[in-house]
Amino acid sequence: KKGITFCDETRIRAVLRNLQEGVMVQKLSGYAVRQIYFRIIDSFCYGIEGASLEIDANQLRQSLEQIWNRSGTVTELFEGMIQSVSKYFQDWNNMRELKKTRPIRLAQQYILDNYADAVSLEDVSKAVGLSPSYFSSLFKKETGQTITDFLIEVRIQNAKELLIKTDMSISI
């Protein structure tokens, strides 16, 4: 099975617009437009299933079938399809981004919960289930700072709060 390997929303929109233009230029019958439309749906759903994307192909199919039922013109039909397909791929890309940043969020929470203790790169990377070297470069890439810098920043912020909110003093 060969599925969608790259979800480029701009490309998908362009392909659907070209199909729309082709259908409109040829002045096809309603039956022919229906056949084309449902083949497009089948292709998208097949591609999604083949690529094992975390998009519910059946839900997308139902959404696109509803667009067929409520559209009165070819323009409405394709505009609805373009919007629906774009939304599904935007949602998929957003979900993918969230999954990619999940280890970062977990690490930040781990540091926030444990900043008062001795915290090492090994501790944090173990908490998020990644190797220290990979996690260190991922953290730097995603946040723009090293884990050590983030830990120091958290410690300084918490020290400031203690100084402001309590009558504790600085001692060495």
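Residues numbered from 1 in each chain as written. Predicted model: local features only at pLDDT ≥ 70, side-chain atom pairs only at ≥ 80, totals over all residues. Heavy atoms only, no water.

A. Region of interest: helix α6 (residues 132-143). Its 12 residues give α6 an end-to-end C-alpha distance of 16 Å, which sits within 8% of 16 Å, the value for a rise of 1.5 Å per residue. Where α6 is concerned, the buried positions are Phe135, Leu138 and Phe139. Viewed along the axis of α6, the buried residues span an arc of 100°, placing them on a single side of the element. Among the exposed residues of α6, those pointing more than 90 degrees away from its buried face are Ser133 and Lys141. The elements touched by buried residues of α6 are α4 (74-114), α5 (121-128) and α7 (147-165). Gly144 sits one or two residues past α6 and shows a positive phi near 85°. (Helix = DSSP H or I, 4+ residues; strand = E, 2+ residues; numbered from the N terminus. Expected span 1.5 Å × (residues − 1). Buried < 20%, exposed > 50% of the residue type's maximum accessible area, 1.4 Å probe, protein only. Arc of directions from axis to C-beta. Contact = heavy atoms within 4.5 Å.)

B. The packing of aromatic side chains, seen in detail. By the definition in use, this model includes five aromatic pairs. Summarising the aromatic geometry, the rings of Tyr37 and Trp68 are spaced 5.6 Å apart at their centres and angled 35° between planes, so their arrangement reads as tilted. Taken as a pair, Tyr37 in helix α2 (residues 30-50) and Trp68 in helix α3 (residues 57-70) lie far apart in primary sequence, 31 residues in all. Taking the relative accessible area as the measure of exposure, Trp68 reaches 22% and is therefore partly exposed. Ring plane angle 55° and centroid distance 5.8 Å describe the contact between Phe135 and Phe139, whose orientation is recorded as tilted. Of this pair, Phe135 and Phe139 are both found in helix α6, four residues apart, which corresponds to roughly one turn of the helix. For Phe139, a relative accessible area of 0% gives the class buried. Grouping aromatic residues by their ring pairs yields a cluster made of Tyr37, Phe38 and Trp68. (Phe/Tyr/Trp six-rings, centres within 6.5 Å; stacked < 30°, edge-to-face > 60°.)

C. Inspection of the packing of α3 against α4 at higher detail. Contact geometry for α3 and α4: axes closest at 9 Å, N-to-C directions at 160°. The orientation of α3 relative to α4 falls into the category roughly antiparallel. Crossing of α3 over α4 shows right-handed handedness. The residues of α4 that touch α3, namely those facing Gln59, Leu60, Ser63, Leu64, Ile67, Trp68 and Arg70, are Glu76, Leu77, Gly80, Met81, Ser84, Val85 and Tyr88. Broken down by class, the residue content of the contact of α3 with α4 amounts to eight nonpolar, four polar and two charged. (Axes fitted to C-alpha atoms, helices over the stretch in contact; angles between N-to-C directions. Parallel < 35°, antiparallel > 145°, perpendicular 65-115°, else oblique. Left-handed = near helix turned anticlockwise from the far one by under 90°. Nonpolar A, V, L, I, M, F, W, Y, C, P; charged D, E, K, R; others polar.)

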